[in-house]
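# Chains, contacts and geometry: an overview
Here's the letter readout for the chains.
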Amino acid sequence: MSSQPGKPLTIIVGEGTCGIAAGAKEVYNTFRSLVPDAEMKTVGCVGMCHQEVMVEIIDDKGDAFLYGKVDKKNIPSILGFHKGDGDLQADYLLRSSMSMNGADYLTRQTRIVLRNVGQIDPKSFEEYRKRGGYNAVEKMLEDDMSPEQVIEEVKTAGIRGRGGAGFPTAVKWNFARSAEGDEKYLICNGDEGDPGAFMDRSLLEGDPHSVLEGMLIAAYAIGATKGYAYIRAEYPLAVEHFGRAIEDAREAGFLGKNILGYGFDFDVKIKQGAGAFVCGEETALIASIEGKRGMPRIRPPFPAVKGLFGKPTIINNVETLANLPWIIENSGSAYAEIGTEQSRGTKVFALAGAIKRGGLVEVPMGMTIRQVLYDIGGGSSTGFPIKAVQLGGPSGGCIPESLFDTPIEYEALNATGAIMGSGGMIVMDTKSCMVDIARYFLEFTQIESCGKCTFCRIGTLRMKELLSRICDGEGTMEDIDTLEEVAHQVKSSSLCGLGQTAPNPVLTTLKYFRDEYIAHVEEKRCPAGVCKGLITHTIMPESCTGCSICQRYCPVDAITGVVKKPETWVIDMELCINCGMCVEVCNSDAIRVQ
């Protein structure tokens, strides 16, 4: 079905950071030039990052067509159908008013946090209001809910902090509510530093008002009059959109003095973080806002009693705050019906790595890891079986395929040695070396360590050195024992969450993939064929075509041979640096890695 020629179209382009990186600006401009009379809109990322650039076209009949992987080359053919002079481009169509094709896995999600992302223009206050935005704040004030009643509603919901630790939000708020102080602060923690995680960025870019409305609810509950949104400077679009949201909310009377005439005062400033991973820890974040070096301090006193500038302070994660408007508007009991007894509500995950459908997903607590990876994520993107998933970022752990039926719950995930974390889910196939994976995450946390406590400063360095020695084929069985011992010491003796969780990738890979460590040490072999010190590259003449492409791409001229004579091609192992470039470019799978 196509619309009548000449009728105006509504064209909506996804312009989150992932969309922009894929060419969304060029796509927008191309549509604008080809259909100058169309109504053009932009939205945040709907979560289907693997399909960017995404475009939705709504015709005069109200029929909507969502397309993926749009670029300036296929735009004319896509438009042809909507102008009435071409066929429907089914290869790019994800869903329409009449059918669902490649996006049916969206129906398996429960979108509360992401309810508006990809649906509204994040720069439009009016569009947020049309979807019920700020209704929760109005309800809270107009119904004369007391702060205690708001806290009780959140307690009924059973929501726990979505930043990693999973501490009950209502309990945390009660501490600050009852703390003495002439001034109290609320901080939104948008310092998302985990490799492979982009949940907070997408929310701040795509639905900033929901986070701001959540801040208003939290501030009212604890009695805060001032707030800070701590957003890392690497998220310029998030900073821009959240800043715009603050200005629009203030102009509409939802921020500032005497909000909506109910005597409630609250205002927000943005503090841009410099990118230190340790500033995700709340006391280090507070130090950063105060203009000091971002370093954790000993607790107690906890921030809820003595935090920013010595005043009672609550720090909530972006995702936690975005849940609050839904809870207040729909009731805590409605929220508690979603999820499990100990883990209520939904959780947003960022799928990355060897996964077919990378992007953001929001699922009810209790869904299994396997369901997320296969039913929603589509399984492996490489053709090799999925071997493990790193859950919780550098602070989390590697969960093997044998435990993929573990439900997504705080306690169940903790029992595996991993943590829920902020929601990064990095998928690894059988071509991933688990020793190398542990080294990668240890290198990250070691660099990001602030250096304040000895166990974290020195312990992470020693673990990294031991892992490097094992990966280079120089390790011993004693090194494995030492690695495990040091990991336990760092975990139990570090000052803050960074050091306490840094050993998790090491401990979980030792627990579930110890055979790979032993292979590196005793057999001097990397089973996945990744560690350069333990592999060799060989040209197999029976598969080689003699095309010479490997020679042309070799950065060290280690490959020689005569064109079209496969039997003459060899790799000089004295020159070879095991970079793997020959494997990547070979058209006949003639390079053997062993």
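Residues numbered from 1 in each chain as written. Predicted model: local features only at pLDDT ≥ 70, side-chain atom pairs only at ≥ 80, totals over all residues. Heavy atoms only, no water.

## Concerning the packing of aromatic side chains
- Counting across every chain of the model gives twelve aromatic pairs.
- With 5.3 Å between their ring centres and 80° between their planes, Tyr128 and Tyr134 make a pair best called edge-to-face. Each member of the pair, Tyr128 as well as Tyr134, is classed as buried.
- An aromatic cluster of at least three residues, connected via ring pairs, comprises Phe125, Tyr128, Tyr134 and Phe254.
- Between Lys347 and the ring centre of Phe349, over which it is positioned, the NZ or CZ distance is 5.4 Å. (Phe/Tyr/Trp six-rings, centres within 6.5 Å; stacked < 30°, edge-to-face > 60°. Buried < 20%, exposed > 50% of the residue type's maximum accessible area, 1.4 Å probe, protein only. Lys NZ or Arg CZ within 6 Å of the ring centre and 35° of its normal.)

## A word on the sheet that holds strand β6 (residues 185-190)
- Spatial ordering of the open sheet is given by β8-β9-β7-β6-β10, a layout of five strands whose pairing is mixed. Since the sheet does not close on itself, it has two edges, and those belong to β8 (256-259) and β10 (313-317), each with one partner. Between one strand and the next, the sheet's axes are offset by a mean angle of 25°, whatever the strand orientation.
- Judged from the seven bridges that link them, strand β7 (residues 226-232) and strand β9 (residues 264-273) form a sheet pairing that is parallel. Across the sheet, the residue bridging to Gly227 is Val268, located in β9.
- In this fold helix α12 (residues 318-330) packs onto β6 and β10, with an angle of close to 90° to the strand it touches most, β10. (Pairing = 2+ DSSP bridges. Helix = DSSP H or I, 4+ residues; strand = E, 2+ residues; numbered from the N terminus. Axes fitted to C-alpha atoms, helices over the stretch in contact; angles between N-to-C directions. Contact = heavy atoms within 4.5 Å.)

## Overview of the nonpolar core
- Ranked by size, the top nonpolar core spans 68 residues in total, and within it Trp173, Leu212, Phe242 and Phe266 carry the most contacts.
- Broken down by element, the residue count for this core peaks at ten residues, all from helix α9 (residues 208-222).
- Ignoring sequence-local partners within four residues, the contact set of Phe242 consists of Leu204, Pro208, Val211, Leu212, Met215, Ala229, Ile231, Val268 and Ile270.
- Of all hydrophobic cores here, the second largest spans 24 residues; its members include Ile480, Val490, Cys531 and Leu534. (Core = buried A, V, L, I, M, F, W, Y, C linked by side-chain atoms within 4.5 Å.)

## Examining empty space enclosed by the protein
- Following the criterion strictly, the structure yields four cavities of 30 Å³ or more and no others.
- If you add up the space inside the largest cavity, you get close to 150 Å³.
- Surrounding the largest cavity, 15 residues form its lining, Val43, Val46, Met54, Leu66 and Gly118 being those nearest its centre.
- At the level of elements, β1 (10-14) and β3 (55-58) are the ones that each hand at least two residues to the lining of the largest cavity. (1 Å grid on protein atoms, 1.4 Å probe; cavity = no way out; pocket = protein on both sides within 12 Å on 5 of 7 lines; lining within 4 Å. Points joined across faces, edges and corners; volume = space filled by probe spheres on them.)

## Details of unusual backbone geometry
- The amide bond that connects Arg299 to the next residue, Pro300, takes the cis arrangement and shows omega of 5°.
- Inspection of the secondary structure assignment puts Pro300 in the loop between α11 (282-289) and β10.
- Between Pro300 and Pro301 the backbone carries a cis peptide bond, its omega angle lying at 5°.
- The topology assignment puts Pro301 in the loop between α11 and β10.
- With a phi close to 70°, Tyr134 is a non-glycine residue in the positive phi region.
- You can see Tyr134 is positioned in the loop between α4 (125-130) and α5 (135-142).
- Positive phi values are uncommon outside glycine, yet Leu260 reaches one of about 55°.

## Details of the side chain of Glu362
- Within the secondary structure, Glu362 is located in strand β12 (residues 359-364).
- Of the buried charged residues, Glu362 lacks a salt bridge, with Arg111 as the closest side chain of opposite charge at 5.5 Å.
- A polar contact is formed between the side chain of Glu362 and the backbone nitrogen of Val113, at a distance of 2.8 Å.
- Within polar-contact distance, the side chain of Glu362 engages the side chain of Thr346 at 2.6 Å.
- Sequence-distant contacts of Glu362, defined by excluding residues within four places in its chain, comprise Gln109, Thr110, Arg111, Ile112, Val113, Leu114, Thr346, Lys347 and Val348. (Lys, Arg positive; Asp, Glu negative; His and termini not counted. Salt bridge = Lys/Arg side-chain N within 4 Å of Asp/Glu carboxyl O. Polar contact = N/O pair within 3.5 Å; in protein donor to acceptor, adjacent residues only side chain to side chain.)

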